[in-house]
Amino acid sequence: VGVNDLSGQGLRIYPNPATGLFYVEGAEPGARICVYNPVGVMLQETLVSGTEVISLEDQPNGMYFITISNGDKVLNHYKLIKQ
C-alpha cells in the first residue's frame, strides 16, 4: 500500500496517501514532473535528476495530479492524496 509500480515503468510514487511529502523514484533523468491542484492550476514543475521530493505541505488536504513528460510526450498521469 502506498508504493506503486506504475505501468511497468519501474516508477514509484510514495507514500500515497501522505500528509505532505511525496517521493518519485524511477523517472528518467531530464523528464518533467508537473503537479496540479484539483482545478488544474499548476503548483510545481520539476526536472528529474534522481529521486524527487514533491512537497504539498502548504496545500490543503485533497487530491492532486501529477503529469510526467519527456519533451513533448506525456508519459503518464497519476493521482496523489494529501491527508
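Here the structure is a predicted model, which is why all the values come from computation and not from measurement.

Concerning the overall build of the protein
Moving on, step 1. Per the secondary structure count, the protein includes zero helices and seven strands.
Moving on, step 2. Element-wise, carbon and sulfur atoms account for 51% of the exposed surface of the protein, whose accessible area totals about 4800 Å².

A word on the confidence of the model for the protein
For any part of a model where pLDDT is low, the fine detail of the predicted coordinates should not be relied upon.
Moving on, step 1. Per-residue confidence for the protein gives a mean pLDDT of 89, with 89% of residues at or over 70.
Moving on, step 2. At the low end of the mean pLDDT range in the protein sits strand β7 (residues 73-82), at 93; at the high end sits strand β3 (residues 32-36), at 97.
Moving on, step 3. Below a pLDDT of 50 lies the segment residues 1-8, which in the model reaches 17 contacts outside its immediate sequence neighbourhood of four places, other chains included.

Points about the sheet that holds strand β5 (residues 52-55)
Moving on, step 1. What the three strands build is an open sheet, ordered β1-β2-β5; its pairing is antiparallel. Pairing within the sheet leaves two strands with one partner each, and these edge strands are β1 (12-14) and β5. Pairs of neighbouring strands in the sheet enclose a mean axial angle of 20°, with direction left out of account.
Moving on, step 2. As paired elements, β1 and strand β2 (residues 21-25) share three bridges and run antiparallel to each other. Bridged to isoleucine 13 within β2 is valine 24.

Thoughts on the environment of glutamine 44
Moving on, step 1. Inspection of the secondary structure assignment puts glutamine 44 in strand β4 (residues 42-47).
Moving on, step 2. Through-space distance from the C-alpha of glutamine 44 to that of leucine 56 is 9.4 Å; in sequence the pair is 12 residues apart.
Moving on, step 3. If we ignore the near neighbours within four places in the chain, the residues touching glutamine 44 are Ile33, Cys34, Val35, Ile54, Ser55 and Leu56.
Moving on, step 4. A polar atom in the side chain of glutamine 44 sits 2.6 Å from the backbone oxygen of serine 55.

Some words on the sheet that holds β3
Moving on, step 1. The antiparallel open sheet is built from four strands, whose spatial order is β4-β3-β6-β7. The strands lining the two open edges of the sheet, one partner per strand, are β4 and β7. In this sheet, neighbouring strand axes are inclined to one another by 20° on average, regardless of whether the strands run parallel or antiparallel.
Moving on, step 2. Pairing between strand β6 (residues 62-70) and β7: nine bridges, direction antiparallel. Within β7, the position partnered with threonine 67 by the bridge is histidine 77.

What counts as what
By convention here, each chain's residues receive numbers from 1 onward along its written sequence. Under the rules for a predicted model, residues below a pLDDT of 70 receive no local features and side-chain atom pairs below 80 are neither given nor counted, while totals for whole chains, interfaces and linings still include all residues. Working from all heavy atoms in the structure, the side-chain values ignore hydrogens and water. Helix numbering and strand numbering both begin at the N terminus, where a helix is a DSSP run of H or I of at least 4 residues and a strand a DSSP run of E of at least 2. Per-residue accessibility takes into account occlusion by the displayed protein chains alone, with areas from the Shrake-Rupley method and a 1.4 Å probe. The predictor's confidence in any single residue is recorded as pLDDT, a number from 0 to 100. Any pair of residues with heavy atoms lying within 4.5 Å of one another is described as a contacting pair. The criterion for strand pairing is that DSSP finds at least two bridges linking the strands in question. Whenever a helix is involved, its axis is fitted only over the stretch in contact; in every case the axis is a line through C-alpha atoms, and angles between N-to-C directions fall within 0 to 180 degrees. Think of a polar contact as two N or O atoms within 3.5 Å of one another; within protein, one of them needs to be a possible hydrogen donor and the other a possible acceptor, and neighboring residues in sequence only count if both atoms come from side chains.

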